Amino acid sequence: MIEVRHSPVHGYGVFALRRIRKGTTVIEYLGDRISHEEADERYSDKDAKDNHTFLFTVDAKTVIDAGRNGNEARFINHGCDPNCESGIMTKRVFIEAIRTIQPGEELVYDYQIQRDPDDPDDVDEIFACRCGAASCRGSMLEPKKQRRGKSGARKRQAKRRAGADDRRAKAKRDASTRRNAGTRRNAGTRRNAGTRRNAGTRRRAGVKRARPGRPSPRARR
Ligand SMILES: C[S@@+](CC[C@H](N)C(=O)[O-])C[C@H]1O[C@@H](n2cnc3c(N)ncnc32)[C@H](O)[C@@H]1O
Ligand SMILES: [Zn+2]
């Protein structure tokens, strides 16, 4: 179904030998199954500017290191307009076609490599994407989270809310039995950003979809 050969995107890539129908499970991502600690140890001497990785996050406990005992799946490059997707089933990672792929087409999936609070300013340059898609976002990293600052639509929404608050305040003055807007949101129940990521499992904790981890090995076939 597939072959590994040089890719215009980067190094080796994986190409379709025949038409692959949408929904086909193309290949399992294989390699050593190790802990995050071991992955860090294995590649502790890696240059911070080296973006090359064969590591793949399974969950907060396990990483697949396809640099050792890996198969062809480790050569599937990242693409911003992907024809494949990675998925985890019973702690195993599979690459599936998300649209029909023609013979000769390179297989790509969106790595969405996780961002870290301590990423250097030039992290998007380090992880620059060369997929060549018209919709290329320029980076193999996951898209940046929306900033919480007030701009554009958020400003307009805030203005509408302020108007609503004024009206509510007036209504409250008018009818003391009306529900206080402040009770609609309990600060204690607000989602705490800190719980979304465990510092001990940085970059890899709690990911819902499979994606390569960092740092990276430099292993080659
Ligand atoms: C799993 S390997 C893919 C195989 C790789 N082409 C090779 O020959 O070893 C992942 C690495 O390939 C490179 N890579 C994959 N997709 C890329 C892209 N769209 N743009 C730039 N580099 C890419 C990055 O160095 C990335 O860490
Ligand atoms: Zn791209």
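Now for a quick tour of the structure. (Residues numbered from 1 in each chain as written. Chains lettered and ligands numbered in written order. Predicted model: local features only at pLDDT ≥ 70, side-chain atom pairs only at ≥ 80, totals over all residues. Heavy atoms only, no water.)

**Considering the packing of aromatic side chains**
Under the convention used in this document: Pairing of aromatic rings covers Phe, Tyr and the six-membered ring of Trp, with a centre-to-centre limit of 6.5 Å; geometry is then stacked below 30 degrees between planes, edge-to-face above 60, and tilted otherwise. Numbering of helices and strands starts at the N terminus; helices are DSSP runs of H or I of at least 4 residues and strands are runs of E of at least 2. Two limits define a charge over a ring: the Lys NZ or Arg CZ must be within 6 Å of the ring centre, and within 35 degrees of the ring normal.
Going through the model one piece at a time under the given rule, you end up with five aromatic pairs. Each ring, one from Y12 and one from F75, has its centre 5.6 Å from the other, and the planes form 70°; the classification is edge-to-face. Of this pair, Y12 sits in strand β2 (residues 12-16) while F75 sits in the loop between β6 (62-65) and β7 (77-78), and the two are 63 residues apart along the sequence. The cationic tip of R5 hangs over the ring face of F15; the distance from NZ or CZ to the ring centre is 3.9 Å. The side chain of R74 reaches across the aromatic face of F54, ending 5.6 Å from its centre.

**Some details on the site of ligand 1**
How we decide: Any residue with at least one heavy atom within 4 Å of a molecule or strand is counted as near it. The term polar contact refers here to a pair of N or O atoms within 3.5 Å; inside protein, the definition further demands a hydrogen-donor-capable atom paired with an acceptor-capable atom, and it admits residues adjacent in sequence only when both atoms are side-chain atoms. Per-residue accessibility takes into account occlusion by the displayed protein chains alone, with areas from the Shrake-Rupley method and a 1.4 Å probe. Note on residue classes: Ala, Val, Leu, Ile, Met, Phe, Trp, Tyr, Cys and Pro are nonpolar, Asp, Glu, Lys and Arg are charged, and everything else, Gly too, is polar.
Around ligand 1 sit 20 residues in total, of which Y12, N51, H52, R74 and N77 are the nearest. Taking H10, its side chain carries an N or O atom lying 2.8 Å from a nitrogen atom of ligand 1. For ligand 1, a nitrogen atom lies 2.7 Å from a polar atom in the side chain of N77. When isolated, ligand 1 has an accessible area of 570 Å², and the protein chains bury 98% of it. Tallied by class, the residues present in the shell around ligand 1 amount to 10 nonpolar, seven polar and three charged.

**What about unusual backbone geometry?**
The following threshold applies: Only protein chains enter the area calculation, which uses a 1.4 Å probe; residues under 20% of their type maximum are buried, those over 50% are exposed, and those in between are partly exposed.
In the Ramachandran plot, N69 falls in the positive-phi region, its phi being about 60° despite a non-glycine side chain. Topologically, N69 is positioned in the loop between β6 and β7. Judged by relative accessible area, which is 64%, N69 ranks as exposed. A positive phi angle is found at K91, which is not glycine, with a value near 65°. For K91, the position within the fold is in the loop between β8 (84-89) and β9 (92-97).

**So, the pairing of strand β1 (residues 2-6)**
Successive residues of a regular strand alternate their side chains across the two faces of the sheet. To be explicit about the condition: The rule for pairing is simple: two strands pair if DSSP sees at least two bridges between them.
In the sheet, β1 pairs with β2 via five bridges, with the strands oriented antiparallel. Within β2, the residue paired with V4 across the bridge is V14. What sits between the antiparallel neighbours β1 and β2 is a turn of five residues, in which G11 has the positive phi angle 40°.

**Here we look at the coordination of the zinc ion (ligand 2)**
Note on metal geometry: ideal angles are 109.5 degrees for four donors arranged tetrahedrally and 90 or 180 degrees for six donors arranged octahedrally. Operational definition: For Na, K and Ca the donor cut-off is 3.2 Å, while for other metals it is 2.8 Å, and in both cases only N, O and S atoms qualify; water is not among them, so sites may look incomplete. Metal sites are grouped by the angles between bound donors: all angles between 85 and 135 degrees with four donors is tetrahedral, opposite donors over 155 degrees apart with the others between 65 and 115 is square planar for four donors and octahedral for six, and any other pattern is irregular.
Within the first shell, the zinc ion (ligand 2) binds the protein through C80 (SG), C129 (SG), C131 (SG) and C136 (SG), at distances of 2.3 to 2.4 Å. What the four donor atoms of the zinc ion (ligand 2) show is an angle range of 103 to 115° at the metal, which sorts the shape as tetrahedral. Mapped onto the sequence, the residues coordinating the zinc ion (ligand 2) show the spacing C-x48-C-x1-C-x4-C. Given the relative accessible area of 18%, C131 is considered buried.

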